[in-house]
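Chain by chain, the residues run as shown.
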Amino acid sequence: KKILSISRNVSRLATLYETDVKPERRRRVQRLLAAFPYLLRHHIQPCCLTSSQCAELLGSKHVLTLESSSSKGIKQCWVDRRDLPWSLLPNIALKKCAAVNNKPLWICDRLSKELQDVEYTPNFTSRERLTFLSQIDKLSQCVGECERIHQTAVPLNYARHSLRGLTLWLLSLPFSLVKDLGLMTAPVMGIIAWLLLGVYEIGYAIEDPFQGSLNLNSLCESIHKDVMYGYFGDDIKRSRGNAFQIDKEESEEWEGRTAHAIEMNLERADHRIKPSGKLSDLEAITPSMSP
């Protein structure tokens, strides 16, 4: 949710300062923002083509090879560049992004470079630049936070020891219940085992929420839809509307409604001072106060 809020803020600011940022740069910023959550998901939970899908696209220009180096060596992953987020980046930028290990961090670096290159104007000063860069810095922090959650797992020995202890306790529990429950010991033990083992499984599942507990697809699609407004490209059908354009008729209507509201408030104030056409207390007192 933090990534969603930051992406919306940066996209909104880029659109508000479009005159200074320039429309071409604004569109590049929006596309980079839309690609960021998908690349972060791929960084935490890689989604590569299967062997059958690779066989179908073998020799096609749509296959993109991603490489990542680790202590175990270089790993390769194949994706379809027609899918999101690969279709959001041009070929040269896509090749540069595919060659690095931390792809969401590459997006943050490119966003910082795009916003750093904006020229100073009376409307775009150091204050606006620092506001933009502070938002990008928060995106970079989100990458580190997600990596920490994904990499900080419960030690395997601790998980196994907990399961062994729970199993031994469940195996010994019937001997203490059979004297009081008799034939009801079996169903009671089934319910107790179901509850305790279910709690253990839930704890194991939420240990790494990126492995299925979180619906990352809906989050990525929400960010893509919200940051791509005003982009007149292939994604216009999936972008949301915006309220940045105020035409003359709407402005005049707002002014008319404002004037009408002021008149209504004045009439209500006069009605409170002079109810039913009678003299108000202020008018009745005023003559007696005259010399």
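Before reading further, recall that the structure is shown in the block above.
I will try to describe carefully the structure that is included in this document. (Residues numbered from 1 in each chain as written. Predicted model: local features only at pLDDT ≥ 70, side-chain atom pairs only at ≥ 80, totals over all residues. Heavy atoms only, no water.)

1. Section: the pattern of salt bridges
It is possible for side chains bearing opposite charge to pair when their charged atoms get close.
Next, step 1: As enumerated under the stated definition, the model contains 8 salt bridges in all.
Next, step 2: Ionic pairing is found between R8 and D226, a salt bridge with its closest N-O pair at 2.7 Å. Placement of R8 in helix α1 (residues 2–16) and of D226 in helix α10 (residues 216–227) is noted, with a sequence separation of 218 residues between them.
Next, step 3: Taking relative accessible area as the criterion, D226 reaches 7% and is therefore assigned buried.
Next, step 4: The closest approach of N and O atoms between E128 and R127, which form a salt bridge, is 3.3 Å. (Salt bridge = Lys/Arg side-chain N within 4 Å of Asp/Glu carboxyl O. Helix = DSSP H or I, 4+ residues; strand = E, 2+ residues; numbered from the N terminus. Buried < 20%, exposed > 50% of the residue type's maximum accessible area, 1.4 Å probe, protein only.)

2. Re the packing of aromatic side chains
Next, step 1: This model, assessed by the stated rule, comprises 3 aromatic pairs.
Next, step 2: Taking the centre distance of 6.5 Å and the plane angle of 70 degrees together, the rings of Y17 and F132 count as edge-to-face. Here Y17 is found in the loop between α1 and α2 (18–21), whereas its partner F132 is found in helix α7 (residues 126–151), with 115 residues between them in sequence. Comparing Y17 with F132 shows no difference in burial state: the two are buried.
Next, step 3: With a centroid separation of 6.0 Å and an interplanar angle of 35 degrees, the aromatic rings of F124 and F132 are classed as tilted. One exposure class covers both F124 and F132, and it is buried.
Next, step 4: Three or more aromatic residues joined by ring pairs make a cluster, and in this case those are Y17, F124 and F132.
Next, step 5: Its end group placed over the ring of Y120, R129 keeps NZ or CZ at 4.2 Å from the ring centre. (Phe/Tyr/Trp six-rings, centres within 6.5 Å; stacked < 30°, edge-to-face > 60°. Lys NZ or Arg CZ within 6 Å of the ring centre and 35° of its normal.)

3. Some thoughts on unusual backbone geometry
Next, step 1: Following L84, the chain continues to P85 via a peptide bond in cis, the omega torsion being 5 degrees.
Next, step 2: Among the secondary structure elements, P85 is positioned in the loop between β2 (73–80) and α5 (91–98).
Next, step 3: Of note in the backbone geometry, K22 takes a positive phi value of approximately 85 degrees without being a glycine.
Next, step 4: Mapping K22 onto the fold places it in the loop between α2 and α3 (23–44).

4. Here's the deal with the state of the cysteines
Next, step 1: Following the criterion strictly, the structure yields 1 disulfide and no others.
Next, step 2: A sulfur-sulfur separation of 1.7 Å characterises the disulfide bridge that pairs C48 with C77. Because the torsion about its S-S bond is -120 degrees, the bridge between C48 and C77 counts as left-handed. One end of the pair, C48, is in the loop between α3 and α4 (51–56); the other, C77, is in strand β2, with 29 residues separating them in the sequence.
Next, step 3: C77 sits in the buried class, given a relative accessible area of 9%.
Next, step 4: This cysteine, C108, is not joined by any disulfide, and C142 carries the nearest cysteine sulfur, 8.5 Å off.
Next, step 5: On the accessibility criterion, C108 (3% relative accessible area) is buried. (Disulfide = S-S within 2.5 Å.)

5. Overview of a nonpolar patch on the surface
Next, step 1: A contiguous nonpolar patch, built from W169, I191, W194, L195 and L196 and spanning about 560 Å² of accessible area, is present on the exposed surface.
Next, step 2: Looking at which element gives the most residues to the nonpolar patch, the answer is helix α9 (residues 185–205), with 4 residues. (Patch = residues over 30% accessible without salt bridge, like charges linked within 9 Å, V, L, I, M, F, W, Y side chains within 5 Å. Areas by Shrake-Rupley, 256 points an atom, 1.4 Å probe, with all protein chains shown as cover.)

6. Observations concerning the environment of F124
Next, step 1: In this fold, F124 is placed in the loop between α6 (103–116) and α7.
Next, step 2: F124 gets classed as buried once you look at its relative accessible area, which sits at 0%.
Next, step 3: On a C-alpha basis, the gap between F124 and T19 in space is 9.5 Å, while along the polypeptide they are 105 residues apart.
Next, step 4: With sequence-adjacent residues up to four places away left out, F124 is seen in contact with Y17, D20, V21, V118, E119, R129 and F132. (Contact = heavy atoms within 4.5 Å.)

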